[in-house]
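Summary of structural features
If you want the building blocks of each chain, they are given just below.
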Amino acid sequence: MSDKPQVRTCLLFDGRGEDAAKFYVSLLPDSRIEDIVRPGPDGPALVVEFTLAGAPYMTRNAGPQFAHTPAASISVLTADQAETDRLWDALLEGGGSAGHCAWLTDKFGVSWQIVPDAVPRLLGADDKAAAMRARDAMMTMGKIDIAALEAAFENA
């Protein structure tokens, strides 16, 4: 058996799989393009294998009959507001659309969740009333505002 991961998440595209993979690996550390398969020397990539923050992915150009939906998303746990803002803004650039509660859709139609690590910490706290206040605050947000979540948690 080869050294390649046995399991990869595969994202189908209509001709833009290589562009998407290159964009995604530019966003996160421990990301890289691993292999590009082209049926012809001058043609578009059929398959691009890549690692995104250590997780194996691949794109496949499969035609317009397949569309991305929010039923599958890439979830990124961010360390702080600066990282949250940077990823959120980069993924929206060029035609993405913001959603609610940390969700967005990028310019390729792929859904993402940009989740500061404060979210699971606050929502999973032993103080259930405080956790509920933080959850209620989060439900009003698109991009997560950590300071606002913490203020709601503290009832400030």
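Residues numbered from 1 in each chain as written. Predicted model: local features only at pLDDT ≥ 70, side-chain atom pairs only at ≥ 80, totals over all residues. Heavy atoms only, no water.

Looking at the environment of Pro70
Positionally, Pro70 belongs in the loop between β4 (55-61) and β5 (73-78). By relative accessible area, which is 54% here, Pro70 ends up exposed. Residues Pro70 and Leu12, spaced 58 residues apart in sequence, show a C-alpha to C-alpha distance of 14 Å. When neighbours within four sequence positions are excluded, Pro70 is seen to be in contact with Trp103 and Ser111. (Helix = DSSP H or I, 4+ residues; strand = E, 2+ residues; numbered from the N terminus. Buried < 20%, exposed > 50% of the residue type's maximum accessible area, 1.4 Å probe, protein only. Contact = heavy atoms within 4.5 Å.)

Here's the deal with the sheet that holds strand β3 (residues 47-52)
Spatially, the four strands line up as an open sheet ordered β1-β4-β3-β2, and their pairing is mixed. Only two strands of the sheet have a single neighbouring strand rather than two, namely β1 (9-13) and β2 (32-37). The average undirected angle you get between the axes of adjacent strands in this sheet is 20°. One ladder, built from five bridges, connects β1 with β4; its direction is parallel. Across the sheet, the residue bridging to Thr9 is Tyr57, located in β4. Lying over the sheet, helix α1 (residues 17-25) contacts β1, β2, β3 and β4, oriented at roughly 15° with respect to β3. (Pairing = 2+ DSSP bridges. Axes fitted to C-alpha atoms, helices over the stretch in contact; angles between N-to-C directions.)

A look at the layout of surface pockets
Of the volumes computed, that of the largest pocket is approximately 210 Å³. The wall of the largest pocket is formed by 14 residues, among which Cys10, Leu11, His68, Thr69 and Ala72 lie closest to the centre. Of all the secondary structure elements, the ones that give two or more residues to the lining of the largest pocket are β1 and β5. Here the lining of the largest pocket gets four residues from one element, more than from any other, and that element is β1. Residue classes in the lining of the largest pocket are distributed as nine nonpolar, five polar and no charged. (1 Å grid on protein atoms, 1.4 Å probe; cavity = no way out; pocket = protein on both sides within 12 Å on 5 of 7 lines; lining within 4 Å. Points joined across faces, edges and corners; volume = space filled by probe spheres on them. Nonpolar A, V, L, I, M, F, W, Y, C, P; charged D, E, K, R; others polar.)

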